[in-house]
Amino acid sequence: MSKILVVENEQKLIKFLQEGLKYQGYEVIVAEDGVIGLTMARESRPDLIIIDGILPGLSGLEVSRRLRLSGERVPIILLSAQDEINDRVAGLDAGVDDYLVKPFSIEDLLIRLKACLRRSNEDDPDLLRFLDLSLNRRTREIKRGDRTIELTATEYDLLEYLISNSREVLTREQILQRVWGYNFGGDSNIIEVYVRYLRLKLEANKEKRLIQTVRGVGYVLKE
């Protein structure tokens, strides 16, 4: 479930967006001025921001500009009552991904929202995907479909190595060196133990097995 931050101070529009987005399965959080919106954008790590151009505190353009200057790549859709070309250019210059003129339909917003999320997932170098499994290097969030999976640090490192090299057979020696280090002097069966831990968590809802054993060699992430 993607998290959407709505930065808006018009109550009717807030309610309209909350109802429409929640009905589509999105998690919605709200800020009613630009300063709070900027803080929530940095602390709550939303998947996308919908922000009004005119807000108390900081304008939507200024919030977008500050986020981009700090390196944030979260997709931003700017809402505006103006449809002049100069306004659109100003929005693009501030780093917004899309521009929606009021009034608008929820269907139009959803089309743009889904396109922004799709492009973000494709372009984000920190997001690794394999089938319905995703790993976000920036947030260390693991998901199987819509289900969030909690991993220990070592489980995470092992899964990151496997998903980074999906469909490639990794030998036991490669895995030991990459996950446990060159000087690891413990029991080499530690790999089997952690693969079992990962499988239990990844397959908790009876999902298909993704971590396959290559007998006598090692492991591979594949269908």
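Definitions and cut-offs
For every chain, the first residue of its written sequence is number 1, and the numbers climb from 1 along that sequence. In view of the model being predicted, local features appear only for residues whose pLDDT reaches at least 70, and side-chain atom pairs are presented and counted only at 80 or more, with totals across whole chains, interfaces and linings using the full set of residues. The side-chain figures draw on all heavy atoms in the structure; neither hydrogens nor water molecules are used. Axes here mean lines fitted to C-alpha atoms, for a helix over just the part in contact, with angles spanning 0 to 180 degrees between N-to-C directions. Each helix is a run of H or I in the DSSP string that is no shorter than four residues. Each strand is a run of E no shorter than two, and both are numbered from the N terminus. Each angle gets one of four labels, with under 35 degrees taken as roughly parallel, over 145 as roughly antiparallel, 65 to 115 as roughly perpendicular, and the rest as oblique. We call a crossing left-handed when the near helix sits turned anticlockwise from the far one by less than a right angle, and right-handed when that turn is clockwise. Only heavy atoms enter the contact rule, under which two residues are in contact if any of them lie within 4.5 Å. Following the grouping adopted for this structure description, the nonpolar residues are Ala, Val, Leu, Ile, Met, Phe, Trp, Tyr, Cys and Pro, the charged ones are Asp, Glu, Lys and Arg, and the polar ones are all others, Gly among them. Patch membership requires over 30% relative accessible area and the absence of a salt bridge. Like charges are linked within 9 Å, and nonpolar side chains (Val, Leu, Ile, Met, Phe, Trp, Tyr) within 5 Å. Residue exposure ignores everything except the shown protein chains as possible cover, and the areas themselves are Shrake-Rupley values with a 1.4 Å probe. Any Lys or Arg side-chain nitrogen found within 4 Å of a carboxyl oxygen on Asp or Glu counts as a salt bridge. The charged-residue count follows a simple rule in which Lys and Arg add positive charge and Asp and Glu add negative charge, with His and chain termini not counted at all. Taken as the charge centre is NZ of Lys, CZ of Arg, CG of Asp or CD of Glu, depending on the residue. Categorising residues by exposure relies on relative accessible area from a 1.4 Å probe, with only protein chains included: less than 20% of the type maximum marks a residue as buried, more than 50% marks it as exposed, and the intermediate range marks it as partly exposed. In summary, the pairing rule links any two rings of Phe, Tyr or Trp, Trp by its six-membered ring, whose centres are within 6.5 Å, and it sorts them by plane angle into stacked for under 30 degrees, edge-to-face for over 60 and tilted for everything else. One requirement defines pairing of two strands: DSSP has to find at least two bridges between them. Polar contact is the term for a pair of N or O atoms within 3.5 Å; when the atoms are in protein, one must be able to donate a hydrogen and the other to accept it, and sequence-neighboring residues count only if both atoms are side-chain atoms.

In the nomenclature of an unreviewed UniProt entry, the protein corresponds to Response regulator transcription factor from the organism Cyanobacterium stanieri LEGE 03274.

Caption draft 1: Geometry of the packing of helix 2 (residues 34-43) against helix 3 (residues 60-69). Viewed as axis vectors pointing N to C, helix 2 and helix 3 meet at an angle of 30 degrees, and their least axial separation amounts to 10 Å. Taken together, the axis directions place helix 2 and helix 3 in an arrangement best described as roughly parallel. Helix-helix and strand crossings are classified by hand; for helix 2 and helix 3 the assignment is right-handed. Contact residues: helix 2 offers Gly34, Leu38, Ala41 and Arg42, while helix 3 offers Val63, Arg66 and Leu67. By residue class, the composition of the contact of helix 2 with helix 3 is 4 nonpolar, 1 polar and 2 charged.

Caption draft 2: Region of interest: a negative patch on the surface. Together, Glu27, Asp47, Glu141 and Glu150 give the surface a local cluster of negative charge. Along the chain, the position of glutamate 141 falls in strand 8 (residues 141-144). Judged by relative accessible area, glutamate 141 falls into the partly exposed class, the value being 36%.

Caption draft 3: The packing of aromatic side chains, seen in detail. The tally for this structure, following the rule as stated, stands at 3 aromatic pairs. Ring geometry for phenylalanine 16 and phenylalanine 104: centres 6.0 Å apart, planes at 65 degrees, overall edge-to-face. One end of the pair, phenylalanine 16, is in helix 1 (residues 11-23); the other, phenylalanine 104, is in the loop between strand 5 (98-101) and helix 5 (106-123), with 88 residues separating them in the sequence. With relative accessibility at 33%, the residue phenylalanine 16 sits in the partly exposed group. The buried category is assigned to phenylalanine 104, whose relative accessible area is 13%. A centroid spacing of 5.6 Å and a plane angle of 65 degrees characterise the contact between tryptophan 180 and tyrosine 194, whose relative ring orientation is edge-to-face. Of this pair, tryptophan 180 sits in helix 7 (residues 172-180) while tyrosine 194 is found in helix 8 (residues 190-202), placing the two residues 14 residues apart along the sequence. Given a relative accessible area of 18%, tyrosine 194 falls into the buried group. Among the aromatic residues, those joined into a cluster by ring pairs are Trp180, Tyr194 and Tyr197.

Caption draft 4: Molecular detail of the pairing of strand 4 (residues 76-80). Across the 5 residues that make up strand 4, a large majority, 5, are buried. What you see with strand 4 is no split at all: Ile76, Leu78 and Ser80 on one side and Ile77 and Leu79 on the other are buried throughout. Where strand 3 (residues 48-52) meets strand 4, 4 bridges bridge the pair, whose relative direction is parallel. What sits directly across from isoleucine 51, in strand 4, is leucine 78.

Caption draft 5: Representation of the packing of helix 6 (residues 153-164) against helix 7. One way to put it is that helix 6 packs onto helix 7 with a least axis distance of 10 Å and a crossing angle of 130 degrees. Judged on the interaxial angle alone, helix 7 and helix 6 are oblique. Seen along the crossing, helix 6 lies across helix 7 with a hand that is right-handed. On helix 7, the residues touching Thr154, Asp157, Leu158, Glu160 and Tyr161 of helix 6 are Gln174, Ile175, Arg178, Val179 and Trp180. Taken together, the residues of the contact of helix 6 with helix 7 sort by class into 5 nonpolar, 2 polar and 3 charged.

Caption draft 6: Here's a closer look at the side chain of glutamine 212. Tracing the backbone shows glutamine 212 in strand 11 (residues 211-214). At 3.2 Å, the side chain of glutamine 212 forms a polar contact with the backbone oxygen of lysine 222. Excluding residues that lie within four positions of it along the chain, glutamine 212 makes contacts with Arg199, Gly218, Tyr219, Val220, Lys222 and Glu223.

Caption draft 7: Looking closely at the pattern of salt bridges. All told, the structure shown has 14 salt bridges when counted by the stated rule. In this structure, the salt-bridge partner of glutamate 62 is arginine 65, at a minimum N-O distance of 2.8 Å. Note that glutamate 62 and arginine 65 are positioned in helix 3 at a spacing of 3 residues, about one turn of the helix. Note on glutamate 62: relative accessible area 23%, which makes it partly exposed. You can call arginine 65 partly exposed: its relative accessible area is 33%. Here glutamate 192 makes a salt bridge to arginine 172, at a shortest N to O gap of 2.2 Å.

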